[in-house]
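# Structural overview
The primary structure of each chain is shown beneath.
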Amino acid sequence: MYTIAAIATPHAAGGISVIRISGDSAVSVAQTCFRSVTGKSLSEMPGYTCAYGKFCDPSGAELDDGIATVFRAPHSYTGEDTVEFSCHGGIFVTQQLLESVYAAGAVPAEPGEFTKRAFLAGKMTLTQAEAVMDVIGAAGKRELSFAHAQQNGALFHRVQQISQGIVSSLGDLAAWADYPEDEVPAVTPEGLHAALQPVLEQLDSTLATYDYGRILQSGVSAVIVGKPNVGKSTLFNLLSGSQRSIVTEIAGTTRDVVEEQIRLGNVTLRLSDTAGLRETEDVIEQMGVKIAEERLAQADLILAVFDTTRPLDADDRRMLEQLPDKPVIAILNKSDQTVCLHPESLEQQFSRIITMAARDGSGLEQLRQAVEELFYQAEVTPELGIVANARQKQCLERAREQVKLALDALDAGELLDAVTVLLEEAADALLTLTGERVSDAVVNDVFSRFCVGK
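Since the model is a prediction, treat every value here as computed from it, not as a measurement.

### Concerning the nonpolar core
Counting residues in hydrophobic clusters, the biggest one holds 31 residues, and the most contacted among them are I166, L203, V403, L423 and L430. When residues of this core are traced back to their parent elements, those giving at least two are helix 6 (154-178), helix 7 (189-207), helix 13 (390-411) and helix 14 (416-434). Residue contacts for V403: discarding those within four places in its chain leaves I166, L196, V199, L200, L203 and A426.

### What about the sheet that holds strand 10 (residues 267-273)?
Here we have 6 strands laid out as an open sheet, ordered 9-10-8-11-12-13, and mixed in their pairing. If you trace the sheet from one side to the other, it starts and ends with strand 9 (258-264) and strand 13 (353-355), each paired once. Across this sheet, the average inter-strand angle for adjacent strands is 25°, counted without regard to direction. The pairing of strand 9 with strand 10 spans 7 bridges and is antiparallel.

### Some thoughts on the confidence of the model for the protein chain
With 90% of its residues at a pLDDT of 70 or more, the protein chain shows a mean pLDDT of 86. Scored below 50 in pLDDT, residues 244-255 shows 36 contacts in the model against residues more than four places distant or in partner chains.

### Points about unusual backbone geometry
In this structure, P74 follows A73 across a cis peptide bond, with omega equal to 0°. Along the chain, the position of P74 falls in the loop between strand 5 (62-71) and strand 6 (82-89). For Y48, which is not glycine, the phi torsion reads 65° and is therefore positive. Within the element layout of this structure, Y48 appears in the loop between strand 3 (34-36) and strand 4 (49-56). Overall, the relative accessible area of 58% leaves Y48 in the exposed class. Its identity as a non-glycine residue notwithstanding, N229 has a phi of 65°, on the positive side. Overall, N229 belongs to the partly exposed group, its relative accessible area being 27%.

Cut-offs used in this document
- Residues numbered from 1 in each chain as written.
- Predicted model: local features only at pLDDT ≥ 70, side-chain atom pairs only at ≥ 80, totals over all residues.
- Heavy atoms only, no water.
- Core = buried A, V, L, I, M, F, W, Y, C linked by side-chain atoms within 4.5 Å.
- Buried < 20%, exposed > 50% of the residue type's maximum accessible area, 1.4 Å probe, protein only.
- Helix = DSSP H or I, 4+ residues; strand = E, 2+ residues; numbered from the N terminus.
- Contact = heavy atoms within 4.5 Å.
- Pairing = 2+ DSSP bridges.
- Axes fitted to C-alpha atoms, helices over the stretch in contact; angles between N-to-C directions.
- pLDDT = per-residue confidence, 0-100.

Take a look at the structure:
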């Protein structure tokens, strides 16, 4: 297979940069660009060994000094011969060295191509490969522990267990159909139904982890809403830890959506500060209100802010009417001032009400607790295996649909041949999930979401 190369570290100035080279001629390509201070050739080095030396361009001119690390197939990340150059972390010198590697015969790696090669070499399953990006994107200790569990095959083993239930039934059906005269136990609709019902339940329980998996991977989409001047931007700035939103006494200063990813206790929030919800003649503010309403419909969590210094008015009630059927935390802000609006006034509309003074940070701990009650599921442990992305969910939904149709067919008294076809479709969906039977198009789509160099 042709030899690929890419920068494996962020494209920014830093202490060190790493260029990864992998393929059949990785060692010879690397040797063209590297001179060991000992004079030893990289081709003489065994795997898991390093050499210090000088990096050079095709003309032999010195570019930098650093370390070359050799990994021999199959004991490398990709399963191929691999060399990693560790040079100084300047943007220009790293790019110059990469260009020299290309000139020596390597070609630019596509996004995720190193991990794709590892998958194709059988170094990992497709779900384990997908977990690589989850490890990179982990925003906290819990997210990292779940990503590591996925890397270690938690979801793969869970899906395999479900697959075994389907395959066992398919085996019974095949034996009964192919060897009717032998002493093979008869397959009855009742027995098959009893065997497949637990499979359906396992599929349901696995699919139920998707929302939590999605939140672990990308965070909770949270939107701050309320009428103008209730303190939405002050709350946003408090949670983000910086002056991201403009705060004035003038109503309607927030026109566009201001976004920030923040950590609140054990939960990552993708937080949005939106325009105040109210009737307005200002065309620009109208656009901001429209965007706010769209974000409201898309959010996982709504932080509905009210001004405790004023009683509920028409704008507050209009906002209440717009709240979708999603988790909402009502925040009674400005509690450090004269209070006119009390929690009792909103108890019929909200099950979670927090009293805060966002200006000085009081009530933040209560907000953290309320968010964790909604989204931090301590009982869901990493080793169980969770559904981490839409592709995995779609495969499970397809398998569930086919198993449910098979159960319905049994109840309707249809021929066992029809049940067999449905179960084969279910098994195929699960094999696609794990990557044991998957098309090139699916593989290419999965790895196209990776960064270059991984």
